[in-house]
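Here's the letter readout for the chains.
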Amino acid sequence: MSSPSLRSRLPILLLLLAAMSWLARDALHQRIRTPDGAGWVTSDRDSLYHMRRVERLFREGGPVAERDSYLDFPHGSPIPWPPYYTWLVAGAVGPFLPEDPEARRGWIERRVASIPLIFGVGTTLLAALAARALAGTAGAWIAGAYHAFNMASIPYSRSGNGDHHAWITLLSGALLLFASRALRSEALERRSAGLGWGAALGLVAGLAVGSWTASLLSIMPFQLVLGWLILLHARRPRPGLPGLGLGFHLVAAGVLLPAVLTSPWPEVNPWMVVNLSWFHPAFLLLGAATFVPLLFLRPGTRALRSYPWSVALFLIALGLFLAGSDTGPARGIREGFEWLGRSDEFMSSVWESRPLVGKNAVHALPEVLGYGILLLPFSWVAAAHRAFRRDRLDLLPWVISLPFLFLEMARQYRFADALALPMAVLLGWGCVEAWNSSRGRVLVRSLPGIRKLPEWGAYGILLSLVLLAQPEASAPLLRRAATGIPETGQVEQRSALAVRGMCEWIRRHTPPSNDYSVLASWNWGHLIEWAADRPTIATNFGPYVGEEGFRHPDRFFMCEDPAEAEELLRTRRARYVLSTADIAGDLRRMIRRAVPHLERRYTDPSPLGDVKVRAEWFRTMGARLMFDGLTLSPDAGYAPVGAPFDFLRLVHVSPLRDDRYRLQGRSTPYGWVWERVRGAVLEASGDPGTELRVRIEVGYAAGRHELVWTRTAVADAEGMARIRVPYATESPNGDGVAAGPARWRFGGREGTIAIPERAVIEGEVFRIGRSPGGTER
């Protein structure tokens, strides 16, 4: 299975693997075709913020921005991500950037959301090259094919996803491959070779942490490899080891330093672990210091033999000190562990932050990693035996990293992508080892037809087995090949397209200003920042850029008091509110984030786990925004009751309908855009107790919607009645056009009044009712 003829065709093999990897990631794409069919957009939230960051770099010039006034408005926030990935993407697309600003936005989006596909294909080739070095060409074919169709990797590197995780996985894979090759070469026997390999590994590690801070977890397995090598060094000195360890840590710290110097997070906490701070270069320098004594300890001395235990005792003592102290590094490390194991309402609502093991697992392991997961323990045990008992050092990085990454993946789905590479490599190695074992040779002799099989036929059988082991990828691909129709989440994509349409409406039809924000559920935050180009209050960054801001929209949507809701908007300078019909789908989490003590007020428990809303929920802002600002009464056949808003006006209705939600036989629009206004004030004076009534009819042609706004007020003891009116009648209210002037009735008198836009915006007062049809400003 590793004949000279196939070895000589390695480039062809790699080209086939690259083509398969590209095909899988392109067919299972995350692209959304625009309504005009002229292009496509993405719905991935983190990708949208990468696009905004790249666009800002081109527009503003200078270094990559580390703060963003659009986040946690009006306070602004440091950006959680380090700058290196932005530099990489901007450098790749910059030379081809269009001049026209409007054309530039769509161009940047499509390019940024296409680059990770290249990284995914590159990682597939890394898996093949790593397995070939360990197990020959057959191992390369198995490992490369398994990674090419693995659903732990595809979601992060498919076309339409512009997030940084595919880049991080490529770097993590390069770190493992280089480490394996270094331990197979003369890196441990020659000082210059050890230093050179250490510098190469450090460059990769520094780039990884400077692109995503959590990449520090990818470095730790190699540090454990170095720890094992120190133990071996004490028994038989390896001259290249000190240079390998020193070069790795010092170069990694040096490469990372520019990102740390520009990071805004040391101002928040200089020893933060979750975001880039002085902790990270200090951690690397501490690792470098571990190897300095090895330069001076002589072979055969007691000091060298006892050195591994001295290092272990020091690290244990340091760990105990940090665990029991309240120093800055101790707090930062505890925060890091909390992030890795966090399961709060925000983390549980982000699919990539949910676990893959346990009762709350987002998917079954075979669905993500394939059924090769059943063979993986056997391959790992065999590889571990070779690595630790037979000094097969080139297997060490793969053996040590796999359980480490598995534990990370068990807590958070996002680490499954990093696990896919060493898993594929060990599966490829294990299959070839099993085939070449004595039992494998017995099997070959018992099946003479296998020996007569052409070489490429054998590789075709192996590919078929790989596809059978990963039905979550192969089944959609086969359906795509048969029908030509891509596998897409039509409901989710239509929803994202509808909200994007509302965001683009905001960008084109509202005042271009950074002095106000758009309030929406956190999952639409990055889309608003990118497509609407307006500040937001809560985003996919969750509480990491502001705990209060993250919960603010939920408090607004769950608020029953309009005066309190208006104040919530005012404190965040939110001029517009974007609401969607699927708000009830997130109701339980929204309640737990905003008003956990009122969960039983708004929902009834369901044995099936779904949400059954109670009548009280229809009094909240989130529900009323769906029904022209009115409160629906389930007891009255869902008839509207109460008064509409006097501080919000409906300015846009999505023309797309959401068939998932129906009321009185009609599907609802996907969403609505409301504007906070001061409102024109209509005053009437007369006898105390006299009722003032105002009525305005507004039509939304594009959204196929009509709204009737009616409010009443009773004259007080001084005979004065006041109504605040949020709609203009002389000019459009966004897309809403009044059918005519406002009609009023006060006691026995009635009339009409034209309300200009300026009056609604500035809160102008009108006196009405002094004579039939009379009006006075």
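Look above for the structure.
These numbers come from a predicted model, not from an experiment. (Residues numbered from 1 in each chain as written. Predicted model: local features only at pLDDT ≥ 70, side-chain atom pairs only at ≥ 80, totals over all residues. Heavy atoms only, no water.)

A.B. asks: Account for the packing of aromatic side chains, naming residues and giving values.
C.D. replies: Scanning all chains against the criterion turns up 20 aromatic pairs. Pairing F279 with F283 gives two aromatic rings, centres 5.9 Å apart and planes at 25 degrees, and the pair type is stacked. Here the residue F279 and the residue F283 both occupy positions in helix 13 (residues 279-291), the gap between them amounting to four residues, near one helical turn. When the ring of F645 is compared with that of W674, the centres are 5.6 Å apart and the planes differ by 80 degrees; the resulting orientation is edge-to-face. Of this pair, F645 sits in the loop between strand 10 (639-641) and strand 11 (648-653) while W674 sits in strand 14 (residues 671-676), placing them 29 residues apart in sequence. With relative accessibility at 1%, the residue W674 sits in the buried group. Taken together, the aromatic side chains of Y49, W81 and F541 make up a single cluster linked through ring pairs. Stacked on the ring of W530, the Lys or Arg R105 has its end atom at 4.5 Å from the ring centre. (Phe/Tyr/Trp six-rings, centres within 6.5 Å; stacked < 30°, edge-to-face > 60°. Helix = DSSP H or I, 4+ residues; strand = E, 2+ residues; numbered from the N terminus. Buried < 20%, exposed > 50% of the residue type's maximum accessible area, 1.4 Å probe, protein only. Lys NZ or Arg CZ within 6 Å of the ring centre and 35° of its normal.)

A.B. asks: Break down the sheet that holds strand 5 (residues 517-519) for me, with residues and values.
C.D. replies: Judged by pairing direction, the sheet is mixed, and its four strands sit side by side in the order 5-6-14-11 without closing on themselves. The sheet terminates laterally at strand 5 and strand 11, the two strands that pair on one side only. Each strand of the sheet is rotated relative to its neighbour by a mean of 30 degrees, with strand direction disregarded. In terms of strand pairing, strand 11 meets strand 14 through five bridges, oriented antiparallel. Within strand 14, the position partnered with L650 by the bridge is W674. In the packing of helix 28 (residues 562-571) onto the sheet, contacts are made with strand 5, strand 6 (574-580), strand 11 and strand 14, and the angle to strand 14 comes to roughly 80 degrees. (Pairing = 2+ DSSP bridges. Axes fitted to C-alpha atoms, helices over the stretch in contact; angles between N-to-C directions. Contact = heavy atoms within 4.5 Å.)

A.B. asks: Account for the pattern of salt bridges, naming residues and giving values.
C.D. replies: Across all of its chains, the model carries 39 salt bridges by this definition. Its salt-bridge partner being D586, residue R593 comes within 2.8 Å of it at the nearest N-O pair. Grouping residues by exposure puts R593 and D586 together as buried. As a salt-bridge pair, R649 and E757 come within 2.6 Å of each other at their nearest N and O atoms. (Salt bridge = Lys/Arg side-chain N within 4 Å of Asp/Glu carboxyl O.)

A.B. asks: Run through the nonpolar core, naming residues and quoting values.
C.D. replies: Counting residues in each nonpolar core, the largest one holds 157 residues, and the members touching the most others are L229, L241 and L369. The biggest single contributor to this core is helix 6 (residues 115-148), with 17 residues. Listed in part, the 62 residues of the second largest apolar core include C559, F645, A684 and Y700. (Core = buried A, V, L, I, M, F, W, Y, C linked by side-chain atoms within 4.5 Å.)

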